[in-house]
Amino acid sequence: GDHILPLLRTGGVVQEGEDVIASVKKMSSEQWDIPAVINGKEVHTSEKVAREIPHENKKTLCTFSYGTKDALDQACKAAMGAKKEWENMPFQHRAAIWLKAADLMATKYRSDILASTM
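In this text the structure is predicted, and so the values were computed from the model without any measurement.

A.B. asks: Mind showing me how you'd approach the overall build of the chain here?
C.D. replies: Within the chain, the secondary structure is distributed over 4 helices and 5 strands. Along the chain direction, N to C, the helices and strands of the chain fall in the order α-β-β-β-β-β-α-α-α. Looking at the chain as a whole, 19% of its 118 residues qualify as buried. Considering only intrachain contacts with a sequence separation of at least 6, the fraction spanning at least 24 residues in the chain is 51%. A total accessible area of about 9,200 Å² is found for the chain, and carbon and sulfur atoms account for 61% of it.

A.B. asks: What is the right way to read the sheet that holds strand β4 (residues 48–53) from this model?
C.D. replies: The strands making up a sheet associate through backbone hydrogen bonding, with each pair oriented either parallel or antiparallel. In space, the 3 strands of this open sheet follow the order β1-β5-β4, with mixed pairing throughout. The strands lining the two open edges of the sheet, one partner per strand, are β1 (32–34) and β4. Between one strand axis and the next, the sheet turns by 35° as a mean value, whatever way the strands run. Strand direction decides the pairing type here: β1 and strand β5 (residues 56–65), joined by 3 bridges, are parallel.

A.B. asks: Which parts of the structure should I look at to understand the environment of Gly81?
C.D. replies: Among the secondary structure elements, Gly81 is positioned in helix α2 (residues 69–88). Classification of Gly81 as exposed rests on a relative accessible area of 55%. With 42 residues separating them in the primary sequence, Gly81 and Asn39 have C-alpha atoms 9.2 Å apart.

A.B. asks: Honestly, a nonpolar patch on the surface in this entry has me stumped. Any pointers?
C.D. replies: Nonpolar side chains collect at one region of the surface, where Trp86, Ile97 and Trp98 lie side by side and expose about 340 Å² of accessible area between them. Position of Trp86 among the secondary structure elements: in helix α2.

A.B. asks: Honestly, the side chain of Thr63 in this entry has me stumped. Any pointers?
C.D. replies: Along the chain, Thr63 falls in strand β5. The class of Thr63 is buried, set by a relative accessible area of 16%.

A.B. asks: Mind showing me how you'd approach α2 here?
C.D. replies: One full turn of an α-helix is made of 3.6 residues, so residues set three or four places apart face in the same direction. Taking 1.5 Å as the rise per residue, α2 with 20 residues should run 28 Å; its terminal C-alpha atoms sit 29 Å apart, in good agreement. Along α2, the sharpest kink reaches roughly 25°, centred on Ala82.

A.B. asks: Honestly, the side chain of Ser23 in this entry has me stumped. Any pointers?
C.D. replies: Its place among the elements puts Ser23 in helix α1 (residues 12–28). Contacts of Ser23, omitting those with residues within four sequence positions, involve Ser111, Asp112 and Ala115.

A.B. asks: Would you mind showing me how to read the pairing of β4 here?
C.D. replies: Within a regular strand, side chains alternate between the sheet's two faces. Alignment of β4 against β5, held across 6 bridges, turns out to be antiparallel. Within β5, the residue paired with Val49 across the bridge is Phe64. Linkage of β4 to β5, two consecutive antiparallel strands, is achieved through a turn of 2 residues.

The rules behind each value
- Residues numbered from 1 in each chain as written.
- Predicted model: local features only at pLDDT ≥ 70, side-chain atom pairs only at ≥ 80, totals over all residues.
- Heavy atoms only, no water.
- Helix = DSSP H or I, 4+ residues; strand = E, 2+ residues; numbered from the N terminus.
- Buried < 20%, exposed > 50% of the residue type's maximum accessible area, 1.4 Å probe, protein only.
- Contact = heavy atoms within 4.5 Å.
- Areas by Shrake-Rupley, 256 points an atom, 1.4 Å probe, with all protein chains shown as cover.
- Pairing = 2+ DSSP bridges.
- Axes fitted to C-alpha atoms, helices over the stretch in contact; angles between N-to-C directions.
- Patch = residues over 30% accessible without salt bridge, like charges linked within 9 Å, V, L, I, M, F, W, Y side chains within 5 Å.
- Salt bridge = Lys/Arg side-chain N within 4 Å of Asp/Glu carboxyl O.
- Expected span 1.5 Å × (residues − 1).
- Bend = angle between axes of the 7 residues up to and from the residue.

In structure tokens, the structure reads:
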């Protein structure tokens, strides 16, 4: 039948499943500290929020920086500053950015993205 995302490798479903399992193990073996990214720069706030692994809810998977008022103000200013540049960019260039992101998600980062949703 038709696949939304075709199998990535000739190894088929088994190989792809093994790749995802390896990514899940890698992700769950570390505790990630995820910053906010504002205007291309990592911003670590003093207030952190913890998230547990859904299937192992006593284990923290990551913490992330909680959006303080100052961080949110910075993010809004940065977004409004980038808005005009994005709007003035030719459609073909904007489409190329999205297509490149989709390609990376479907190939290079596929197993990690699938694992991160489990």
